[in-house]
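As a plain string of letters, each chain reads:
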Amino acid sequence: MDLKVIRLLTLLSGIPLCSVAQPFNAYIKFDGFGDALFIDASEVLPTESDFTVEFWFKTCTDTVYIQEAFMGNGDDLEVNFFSNPPDTHHHYDVCALEAYGSPYHCYQNHFLIDSLWHHIAVTYHYSSTDFGFFFDGHGGMVTFDDDFDLEFNGTFYIGRGDRDNWLWNHFDGSMDEVRISNNIRYYSNFSPDTMPFTSDNHTMALWHMN
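Since the structure is predicted, the reported quantities are computational estimates derived from the model, not experimental observations.

Caption draft 1: Representation of the pattern of salt bridges. In this structure the tally under the stated criterion is three salt bridges. Note that Glu-54 is salt-bridged to Arg-179, the shortest N-O span being 2.8 Å. Here the residue Glu-54 occupies a position in strand β5 (residues 51-58), and Arg-179 occupies one in strand β15 (residues 172-181), the gap between them amounting to 125 residues. As far as burial versus exposure is concerned, Glu-54 and Arg-179 are alike and both buried. Of the charged contacts, one joins Arg-185 and Asp-200 as a salt bridge, the two residues approaching to 2.8 Å between their closest N and O atoms. Within this pair, whereas Arg-185 is found in the loop between β15 and β16 (203-207), its partner Asp-200 is found in the loop between β15 and β16, the two being separated by 15 residues in sequence.

Set out below in structure tokens:
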């Protein structure tokens, strides 16, 4: 799948932005002012199916209060995060939304602020409408009472797009190895693979950001 670029994105190789170098070959940097990649959501997100969205990221914006969106289509699915010093915690949310942002539910996981690379995986169980959230392979399931209509007819953005409804601001940080699958890859705690993702029969999209 080819991603379209909304604004110029900087592709970096071997240039550390924070305290730890990237574990793969290269990565992409978002500047927090509208950078985004986009593709038709129906091409990469399955309708009436389980799915998994996963990626690696790091952020350097850990000194001020921020609310930023990693990715999503703005109407059905968002993956967001909060940073609220001096609490010394980040709050990583996965939000499921119906049209126009209401109703929505978020699940939070917390960890001490750092500038390291982290893995996030979001899973969705279609028949039970359960979302799973795993931060560095740890997390849990959240069961929603609402019947979410996840048709994904809009535009899917990596970074935050400007054309759909969004809860939070643009992502300011780095991202790598984005993979979307039409199955649930993780049911319990796991150790994230530190090698680049590979494609298989369940892979809907895979971007190495190289």
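Caption draft 2: Just the side chain of Glu-177, in detail. Here Glu-177 shows up in strand β15. Among buried charged residues, Glu-177 stands out as having no salt bridge; its nearest opposite-charge side chain is Arg-179, 7.6 Å away. Within the local environment of Glu-177, its side chain forms a polar contact with the side chain of His-208, the two groups lying 2.9 Å apart. When sequence neighbours within four positions are dropped, the list of residues in contact with Glu-177 reads Phe-24, Glu-54, Phe-55, Trp-56, Pro-196, Phe-197, Leu-206, Trp-207, His-208 and Met-209.

Caption draft 3: The confidence of the model for the protein, seen in detail. Of the residues in the protein, 63% reach a pLDDT of 70 or more, and the chain-wide mean stands at 74. Contacts for the low-pLDDT stretch residues 5-21, under 50 throughout, to residues beyond four places or in other chains number 50 contacts.

Reading guide: rules and limits
- Residues numbered from 1 in each chain as written.
- Predicted model: local features only at pLDDT ≥ 70, side-chain atom pairs only at ≥ 80, totals over all residues.
- Heavy atoms only, no water.
- Salt bridge = Lys/Arg side-chain N within 4 Å of Asp/Glu carboxyl O.
- Helix = DSSP H or I, 4+ residues; strand = E, 2+ residues; numbered from the N terminus.
- Buried < 20%, exposed > 50% of the residue type's maximum accessible area, 1.4 Å probe, protein only.
- Lys, Arg positive; Asp, Glu negative; His and termini not counted.
- Polar contact = N/O pair within 3.5 Å; in protein donor to acceptor, adjacent residues only side chain to side chain.
- Contact = heavy atoms within 4.5 Å.
- pLDDT = per-residue confidence, 0-100.

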